[in-house]
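Chain by chain, the residues:
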Amino acid sequence: LITLVERARPRVFGTLVRNGHAYTVQPDPWVGADPISVRTAAVTALDLHPSDTVLVHLGSERTLVPYGPSRSPDSLRQRALERYRRAELDFATEVPTPGPDAPRRDLTDLMTFTIDGPDSRDLDDALSASLDGDDVMLYVHIADVAAAVPVGSFADMRARGLATSVYLPDYSLPMFTPELSYDACSLLPDVPRRCLTVEYRVSPDGGVSDVSVYHSLIRSDARLTYEDAAAALNGGPYLASDVQSALDVVRQA
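Numbering of residues starts from 1 in each chain and follows the order in which that chain's sequence is written. Side-chain atom pairs in this predicted model are given and counted only at pLDDT of 80 or more, local residue features only at pLDDT of at least 70, and totals for whole chains, interfaces and linings cover all residues. Water and hydrogen atoms play no part in the side-chain values, which are based on all heavy atoms of the structure.

(A) Spatial organisation of the nonpolar core. Membership of the largest hydrophobic core comes to 15 residues, with the highest contact counts inside it found for F113 and A129. Numbering of helices and strands runs from the N terminus, with a helix taken as a DSSP run of H or I at least four residues long and a strand as a DSSP run of E at least two residues long. Those elements that place two or more of their residues in this core are β9 (135–143), β14 (222–225), α5 (226–233) and α6 (241–252). Counting residues per element, this core draws most heavily on α6, at five residues. Leave out the neighbours within four places in its chain, and A129 touches M111, V136, M137, L138, Y139, A246, V249 and V250. Nonpolar core, defined: a set of buried Ala, Val, Leu, Ile, Met, Phe, Trp, Tyr and Cys residues in which side-chain atoms within 4.5 Å join the residues together. In this scheme, a residue with accessible area under 20% of its type's maximum is buried, one over 50% is exposed, and one in between is partly exposed, where area comes from a 1.4 Å probe on protein chains only. Whether two residues touch is decided by their heavy atoms; if any such pair falls within 4.5 Å, the residues are in contact.

Here it is, written out as structure tokens:
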């Protein structure tokens, strides 16, 4: 005797298709499921039409949640959410154990800051700058995610499945799990983080005379918002003196 205890995929997102007097839901290609039969009465009760997008809950009865025509904003938004949830189910969420690290240049003594939206949690780039005579040495630090995500790991495969982070008006769907996006790979203040740094020498006329790229270790000193930076560059309120000085140097570049 075999009894269904729990479905591996409790909900399926797809497009309503009519076959004569019967209806099926054709799952989106990334779902990887066969068409699902649904009751004509449920379709009629919700006033659904062929090519409408629906979410099917596979409980004791197949409950339908409509999202309108397949290219409607609600449909596209929900499709993005469902794809993200599918990746969450398919791949492990623990932080992977990285292998041996690359040699890194210690830049933790540089005044470094990030500039992002007030609600941003995945801080993936930071800036530093210093003066060398009349030239500006500009440093752009990019979070070295590859140092935390080995090739072929669950997190790597999950990221391949999503391909990109998605930013919606009221949701953020990161390509990596929150443990990575919001913590281990986020350039949070006052904690050392592994980065790839691009170092530029910028002359007073804006010309770039030298560029180098290397693995680095940084420590962000301040988390600025776009509004903070704009205000500090346009007459105040000003930031702490060391952060303000670094921001002013970045502006020169």
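There is more to say, and it comes next.
(B) Local environment of the packing of α5 against α6. Note on geometry: axes are C-alpha line fits, over the in-contact stretch for helices, and angles between N-to-C directions span 0 to 180 degrees. At their nearest, the axes of α5 and α6 sit 10 Å apart, and the two run at 80° to each other. By the angle between their directions, the pair α5 and α6 is classed as roughly perpendicular. Here α5 contributes A229, A232 and L233 to the contact with α6, which in turn contributes Q244, L247, D248 and R251. Residues of the contact of α5 with α6, tallied by class, amount to four nonpolar, one polar and two charged. Roughly parallel means an angle under 35 degrees; roughly antiparallel means over 145; roughly perpendicular covers 65 to 115; every other angle is labelled oblique. Residues are sorted three ways: Asp, Glu, Lys and Arg are charged, Ala, Val, Leu, Ile, Met, Phe, Trp, Tyr, Cys and Pro are nonpolar, and all the rest, Gly among them, are polar.

(C) Quick look at the pairing of strand β2 (residues 22–27). DSSP-based pairing: two strands are paired if at least 2 bridges between them are found. Across six bridges, strand β1 (residues 11–19) lies against β2 in antiparallel orientation. Residue pairing in the sheet places V17 in a bridge with T24 of β2. Linking two consecutive strands that pair antiparallel, namely β1 and β2, is a turn of two residues; a positive phi of about 70° is found at G20 within it. Bridge count for β2 against strand β3 (residues 36–38) is three bridges, and the pairing is antiparallel. Paired with Y23 across the strands is V38, a residue of β3.

(D) How the structure looks around the packing of aromatic side chains. The criterion for an aromatic pair is that two Phe, Tyr or Trp rings (for Trp, the six-membered ring) have centres within 6.5 Å, with stacked assigned to planes under 30 degrees apart, edge-to-face to planes over 60 apart and tilted to the rest. Throughout the structure, instances matching the rule amount to one aromatic pair. With 5.9 Å between their ring centres and 50° between their planes, F13 and Y67 make a pair best called tilted. A residue pair is termed long-range when its members are at least 10 positions apart, and F13 in strand β1 and Y67 in strand β5 (residues 62–69) qualify at 54 residues. The same class applies to F13 as to Y67, namely buried.

(E) Quick look at the environment of D34. Mapped onto the elements of the fold, D34 is located in the loop between β2 and β3. C-alpha of D34 to C-alpha of T24: the two residues are ten residues apart in sequence and 9.9 Å apart in space.

(F) Region of interest: the sheet that holds β14. Read from one edge of the open sheet, seven strands run β6-β13-β12-β9-β8-β7-β14, paired in mixed fashion. Every other strand in the sheet has two partners, leaving β6 (105–106) and β14 as the edge strands with one partner each. When strand β7 (residues 112–116) meets strand β8 (residues 125–132), the two strands line up antiparallel, connected through two bridges. In the sheet register, T112 faces β8, and the bridge partner there is S128. Each of β7 and β14 touches α5; the most contacted strand, β14, lies at about 85° to it.

(G) Focus on α6. Its twelve residues give α6 an end-to-end C-alpha distance of 17 Å, which sits within 8% of 16 Å, the value for a rise of 1.5 Å per residue. Of the residues making up α6, those classed as buried are V243, Q244, A246, L247, V249 and V250. Its buried side turned inward, α6 meets β7, β8, β9, β14 and α5. Multiply 1.5 Å by the residue count of a helix minus one, and that product is the helix's expected span.

(H) Layout of the sheet that holds β1. Read from one edge of the open sheet, five strands run β3-β2-β1-β4-β5, paired in antiparallel fashion. Strands with a single pairing partner mark the edges of an open sheet, and in this sheet they are β3 and β5. Adjacent strand axes in the sheet meet at a mean angle of 40° when their direction is disregarded.

(I) View of the pattern of salt bridges. In what follows, salt bridge is the name for a side-chain nitrogen of Lys or Arg lying within 4 Å of a carboxyl oxygen of Asp or Glu. On inspection of all chains with the given rule, the structure shows ten salt bridges. Salt-bridge contacts for R105 lead to E199; the nearest nitrogen and oxygen are separated by 3.6 Å. With a gap of 94 residues between them, R105 in strand β6 and E199 in strand β12 (residues 192–202) connect regions that are remote in the sequence. Put simply, D135 and R201 hold a salt bridge, and the shortest N to O gap is 3.2 Å. Residue D135 is found in strand β9, and its partner R201 is found in strand β12; the two are separated by 66 residues along the sequence. Bridged by salt links that share partners, the residues D101, R104, D144 and R194 form one connected network.

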